[in-house]
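Listed below, chain by chain, are the residues.
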Amino acid sequence: MHAKLIRSPLSLAGALVLAALAFNPWGCGRTQDADSGDRADWGLSLAERAAPRGEEAAILTRAPQVPPPLTRSHPTHVVVKLDVREQVGRLAEGVEYTFWTFGGSVPGPFIRVRQNDVVEFHLSNHPDNKMPHNIDLHAVTGPGGGATSSFTAPGKSTQFTFTALNAGLFVYHCATAPVGMHIANGMYGLILIEPPDGLPPVDREYYVMQSEFYTVGGYGESGLQSFDMGKALREEPDYVVFNGAVGALADTRALHAERGETVRLFVGNGGPNLISSFHVIGEIFDLVHGEGGSEANQRNVQTTLVPAGGAAIVEFKVDVPGTFLLVDHSIFRAFNKGALAMLTVGGEEDATIYSGQQAEGIYLPEGGAVQAIAGPRAAPARALSLAERVAAGGRIYEQNCAACHQLTGQGIPGAFPPLAGSDYLLADKKRGIQAILHGLQGELVVNGRTYTGVMPALQLSDEEIASVLSYVLNSWGNQGGSVEPQQVREQRR
């Protein structure tokens, strides 16, 4: 049989393609049903199905969206057109950064093709850009993953072609020197090479990619920030984020599913330095394709490692409603540097799986002393305007308050009172100052509801307390106004 294949007009390359088609490396391929538009293809010989037929333009989507699954049963000629843009964008609230991007977004567009597709790749460098760029796709078998054939000056375009020989989920990134700087500025994305029989169907698919940013200013420092090579060399990022910015997948931008649905996450790590310990709080991964490989090699996984320049595919069924947090479980990165996203799940509760809170009481194993967190910082050299104070307060709120009171200021029912429309807080600014300076414990009535808990004191400077309270007063429809550092100092006495 092998001799006949090699002597046939298909050549040795054709024989290798046939061998690849005869093996489904994903282990559980999608079955082609009788209603498929390509059902006639299944009457063709393996040789006919192995040969690329036709041409199509790749559907490119911005994160967190993913192109639809491929339904064709044969390889084809796929044209991918990607441009490079250097542009200013949001890194965090009040913080901007000059990103270098594929397709105008960080991460770059998701590319989805089929194993054995012939991919014609066009890279264009916008004439307004300052730097040359190229692309290294880890899915490419060839020198530099395409980088040696795609070095592109501003105002120019390049083209190369490759055959997608291996199924899997692969990272792509810029590889122009200094390579680390180009990646650190946002030049990375994912390309999925589907196996010949496709992936098993799921209800939801999303694209999530972690990366780091190294800025001259520290985390949350306002204004347009630039890249800091020293921090990058020391591997000390100020930001570790999903999809290019703090809060890119939070609140109104959160991922969504309904109870009972199956979710597939295509998870990448652009790095350039750190390994990700990817975890969804309150969920267990039913299947994990470790390092983006073509086989699901683990079941019932709590946290999976995603190396810099690597990927993973995780799948899980959502059994109960609620908000589930996606984090890098190197946990300070999540709650202090931005590596946190949300998956909101709708549907009816199921108490047989998760009861919710059944009882509540005060437990103070360390006594009644109120804890203190964080530390004071130096006051600014000049007085801040109200707009500057509100912007600074937003960053302080995000770091210290949002976990309990939520980014929307709505709090958590039965646990933490709302700050949006809070009659307790808005009736007297001094209450907010005292709460931050000295903490709170015991019963508290807000908007007619009783909350019993403990708020730790925050060791913030007078300026920071004034800023965060000014932010609260001017957010979520609150009445406005400001708190001045002098008012805080008076409450310290």
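Residues numbered from 1 in each chain as written. Predicted model: local features only at pLDDT ≥ 70, side-chain atom pairs only at ≥ 80, totals over all residues. Heavy atoms only, no water.

Colleague: So what exactly am I meant to see when it comes to the nonpolar core here?
Modeller: Across soluble globular proteins, nonpolar side chains show a tendency to be buried alongside one another. Counting residues in each nonpolar core, the largest one holds 29 residues, and the members touching the most others are Leu-91, Phe-110, Leu-169, Leu-190, Phe-213, Tyr-239 and Phe-266. Sequence-distant contacts of Leu-169, that is, excluding residues within four places in its chain, are made with Phe-110, Leu-190, Ile-191, Leu-192, Phe-266, Val-267, Gly-292, Ala-311, Ala-312 and Ile-313. Residues Val-306, Ala-312, Val-320 and Leu-343 belong to the second largest nonpolar core, which totals 28 residues. (Core = buried A, V, L, I, M, F, W, Y, C linked by side-chain atoms within 4.5 Å. Buried < 20%, exposed > 50% of the residue type's maximum accessible area, 1.4 Å probe, protein only. Contact = heavy atoms within 4.5 Å.)

Colleague: How do you make sense of the packing of helix α10 (residues 429-438) against helix α12 (residues 485-492) when you look at a structure like this?
Modeller: Helix-helix packing is characterised by the crossing angle of the two axes and by the distance between the axes. At their nearest, the axes of α10 and α12 sit 10 Å apart, and the two run at 60° to each other. When the axis of α10 is compared with that of α12, the two are oblique. The two elements α10 and α12 meet at a crossing, and its hand is right-handed. On α12, the residues that touch Lys-430, Ile-433, Gln-434, Leu-437 and His-438 of α10 are Gln-487, Val-488, Gln-491 and Arg-492. Along the lines of polarity and charge, the residues of the contact of α10 with α12 split into three nonpolar, four polar and two charged. (Axes fitted to C-alpha atoms, helices over the stretch in contact; angles between N-to-C directions. Helix = DSSP H or I, 4+ residues; strand = E, 2+ residues; numbered from the N terminus. Parallel < 35°, antiparallel > 145°, perpendicular 65-115°, else oblique. Left-handed = near helix turned anticlockwise from the far one by under 90°. Nonpolar A, V, L, I, M, F, W, Y, C, P; charged D, E, K, R; others polar.)

Colleague: Sorry if this is basic, but what is going on with the packing of aromatic side chains here?
Modeller: Aromatic ring pairs are described here by two measures, namely the spacing of the ring centres and the angle between the planes. Under the defined criterion, the tally for this structure stands at 15 aromatic pairs. Judged by centre distance (6.0 Å) and plane angle (40°), the rings of Phe-285 and Phe-316 are tilted. Taken together, the positions of Phe-285 in strand β16 (residues 285-289) and Phe-316 in strand β19 (residues 310-317) put the pair 31 residues apart, joining distant regions of the chain. Across from the ring centre of Tyr-424, 4.7 Å away, lies the NZ or CZ of Arg-431, which sits over that ring. (Phe/Tyr/Trp six-rings, centres within 6.5 Å; stacked < 30°, edge-to-face > 60°. Lys NZ or Arg CZ within 6 Å of the ring centre and 35° of its normal.)

Colleague: Teacher, can you tell me more about the state of the cysteines here?
Modeller: Working definition of a disulfide: a covalent bond connecting the sulfur atoms of two cysteines. Under the counting rule described, the total for this entry stands at zero disulfides. Looking at Cys-401, it has no disulfide partner, and the nearest cysteine sulfur is the one in Cys-404, 8.5 Å off. (Disulfide = S-S within 2.5 Å.)

Colleague: In this structure, what is going on with the pairing of strand β7 (residues 157-163)? I would like to understand it.
Modeller: Here is the key point about a regular strand: its side chains alternate between the two faces of the sheet. Where burial is concerned, the two faces of β7 differ: the one with Thr-158, Phe-160 and Phe-162 is buried and the one with Ser-157, Gln-159, Thr-161 and Thr-163 is not. As defined by bridge partners, strand β5 (residues 118-125) adjoins β7 across seven bridges and the pair is classed as antiparallel. Paired with Val-119 across the strands is Phe-162, a residue of β7. (Pairing = 2+ DSSP bridges.)

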